[in-house]
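Structural description and commentary
Each chain, letter by letter, is given below.
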Amino acid sequence: MTGYIEVFGHGGDVETAASRFEREAADFLDFSANINPLGPPRGVLEAIQQGLQSVIRYPDPGHRGFKALLSERLGVMQEQISVGNGAAESMALILLGLAPRKVGTVEPGFSEYRALARQFGAEVMHTEGREELAWRAEPEEIEQLMEKVDLLFLGQPNNPNGVQYPLEVLQRLARKAEVTGTVFVIDEAFLDFIPVTRRQSLAAHLNDYLNVIIIRSMTKFYAIPGLRLGYALGRAEYIQAMTKKQVTWSVNGLALMAGETCLRSGERYEQETISQITREREHLITGLQAYGCAVTPGEANFILARVPAPWTAASMQEALGRRGILIRSCAMYPGLDDRHVRFAVKDADANSTLLEVLGSVLETKGYPNVDQFSIHESSQQEQTKDSEQAQEKQKQKGGKRQ
């Protein structure tokens, strides 16, 4: 990693930032985590408060109330739903339950795909997107990767670039997965932020593509990251295999209660969220481009940008962090470089503050103080990333293990 605050590999680490920048954690404007700026739907916090007495009881290990609401909302059978302690647990359960020997990723992409696969003993192979395609990979290249792996992860929209693949490409890849016997895992954690008419998803066609698993998150859209709640959709055999590997009571009762309240919150909250994100994303893009940042044209609630030279992701993160604003360094993502950063889309006031502070930073001469230890640490981390990528390229010369 080349950033200062991604010591655990993710954004939103305000505790590390507080220590690094000598501020209280609550004092930061956090653009490093992609959470709905509206906060949880009305009634969620009240439901949690009223439900505090339930902590003396075990949560439902079958997640039945939450599953029933999901089933009705999505038009799938409860046997096709796995509920997890965040989308990350869903990813882990897929890997544990299906035990792939080789896992494919499309880079740049969410780091947990690689990290979890390696943690559970799988070899990781990847293909890389192209800048001229907004960091998407060519469908042919993904198909070639499918021929070599047992399971493949794809973000839709992808993190950190925020772009979708067209529905016809997803259908093509799903058909290819059936031919190659590859489990095709589509991560839709940020799909809810996109207007319904523009969403590209196989969820409505789940029964037509038996090798597909879809992962979704309640954390981002409903602004409950501290509670951890997500789910996966797939054929019953996959869900059963995942359930066998899940620790009993891994999803706590307050999270399930909050999830049920979120699903009952109605269309108004969803429409207000999408409207604000759409409007404020354009506001941020216009401002970032005016300051010389190269912006990837995504559709999610975050923006991938390349800061103007001589600034780097590390020096920009330092400069903004000292001023109370956190951003996500993307220099550690395979395929991107040391000037890539990611900004969450927040409310109008927060976004205006970011642009104002960013403008003042860019007007300064030279770099902020970046101590020698951090530079040395970044160099070592870059060497490690280069070594891992070289090893993966060697592995890609082989075929799918039998």
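Residue positions within a chain follow its written sequence, with the count starting from 1. It should be noted that, the model being predicted, local features are given only for residues of pLDDT at least 70 and side-chain atom pairs only at 80 or more, the latter also being counted only at that level, while totals for whole chains, interfaces and linings use all residues. Values reported for side chains reflect all heavy atoms of the structure, with hydrogen atoms and water molecules removed beforehand.

1. A look at the overall build of the chain
Counting secondary structure elements, the chain contains 13 helices and 13 strands. Three labels apply to residues, based on accessible area from a 1.4 Å probe with only protein chains included: buried if under 20% of the type maximum, exposed if over 50%, partly exposed otherwise in between. In the chain, which comprises 402 residues, the proportion classed as buried is 57%. Of the accessible surface of the chain, which amounts to about 17500 Å², a share of 49% is contributed by carbon and sulfur atoms. Here a helix means four or more residues in a row that DSSP labels H or I, a strand means two or more in a row labelled E, and each is numbered from the N terminus. Residue burial considers only the protein chains on display, and all accessible areas are found by Shrake-Rupley using a 1.4 Å probe.

2. A closer look at the nonpolar core
Formed by 80 residues in total, the largest nonpolar core has its most connected members in Phe-66, Leu-154, Phe-184, Val-212, Met-218, Met-316 and Leu-320. For this core, the element with the most residues is helix H12 (residues 348-362), which contributes seven residues. When near neighbours in sequence (up to four residues on either side) are disregarded, Val-212 contacts Ala-174, Phe-184, Ile-186, Leu-202, Leu-206, Leu-233 and Gly-234. We define the nonpolar core as a collection of buried residues of types Ala, Val, Leu, Ile, Met, Phe, Trp, Tyr and Cys that are connected through side-chain atoms lying within 4.5 Å of one another. Counting 23 residues, the second largest nonpolar core, distinct from the first, contains Leu-116, Ala-122, Val-183 and Met-242. Whether two residues are in contact is decided by their heavy atoms, any of which lying within 4.5 Å being enough.

3. Looking at the packing of helix H4 (residues 87-98) against helix H8 (residues 236-245)
Lines fitted to C-alpha atoms define the axes, with helix axes restricted to the stretch in contact, and inter-axis angles between N-to-C directions lie between 0 and 180 degrees. Two elements in contact, H4 and H8, have axes whose closest approach is 8 Å; the angle formed by their N-to-C orientations is 100°. By the criterion of interaxial angle, the relationship of H4 to H8 is roughly perpendicular. Contact with H4, carried on its side by Ser-90, Leu-93, Ile-94, Leu-96, Gly-97 and Leu-98, involves Tyr-238, Ala-241, Met-242 and Lys-245 of H8 and no other residues of that element. Each angle gets one of four labels, with under 35 degrees taken as roughly parallel, over 145 as roughly antiparallel, 65 to 115 as roughly perpendicular, and the rest as oblique.

4. Re the packing of helix H10 (residues 267-290) against H12
It is at 10 Å that the axes of H10 and H12 come closest, and there the two elements cross at 5°. Overall, the two elements H10 and H12 adopt an arrangement that is roughly parallel. Note on element contacts: H12 touches H10 through Ala-348, Asn-351, Ser-352, Leu-354, Leu-355 and Leu-358, opposite Glu-280, His-283, Leu-284, Gly-287 and Leu-288. Across the contact of H10 with H12, the residue classes tally to six nonpolar, four polar and one charged. Residues are sorted three ways: Asp, Glu, Lys and Arg are charged, Ala, Val, Leu, Ile, Met, Phe, Trp, Tyr, Cys and Pro are nonpolar, and all the rest, Gly among them, are polar.

5. Observations regarding unusual backbone geometry
Glu-107 connects to Pro-108 through a cis peptide bond whose omega is 0°. Structurally, Pro-108 is set in the loop between strand E3 (102-107) and helix H5 (111-119). For the peptide bond that leads from Gln-156 to Pro-157, omega is 0°, which places it in the cis range. In the Ramachandran plot, Glu-22 falls in the positive-phi region, its phi being about 55° despite a non-glycine side chain. Structurally, Glu-22 is set in the loop between helix H1 (14-21) and strand E1 (29-30). Residue Glu-22 is classed as exposed on the basis of its relative accessible area of 70%. Positive phi is not limited to glycine here, since Ala-134 has a value of about 60°. The residue Ala-134 is located in the loop between strand E4 (123-128) and helix H6 (139-146) in this model.

6. Section: H5
Those residues of H5 that sit buried are Ser-111, Glu-112, Tyr-113, Arg-114, Leu-116 and Ala-117. For H5, the elements touching its buried residues are H4, E3, E4, strand E5 (151-155) and strand E6 (183-187). Gly-121 sits one or two residues past H5 and shows a positive phi near 90°.

7. Brief notes about the side chain of Asn-211
Positionally, Asn-211 belongs in the loop between E6 and strand E7 (212-217). Classification of Asn-211 by relative accessible area gives buried; the value is 11%. For Asn-211, the side chain forms a polar contact with the main-chain oxygen of Thr-182, separated by 3.1 Å. Look past the residues within four positions of Asn-211 in its chain and what remains in contact with it is Ala-177, Glu-178, Gly-181, Thr-182, Val-183, Phe-184, Arg-235 and Tyr-238. N or O atoms closer than or at 3.5 Å make up a polar contact, with two conditions inside protein: a donor-capable atom paired with an acceptor-capable one, and, for residues adjacent in sequence, both atoms drawn from side chains.

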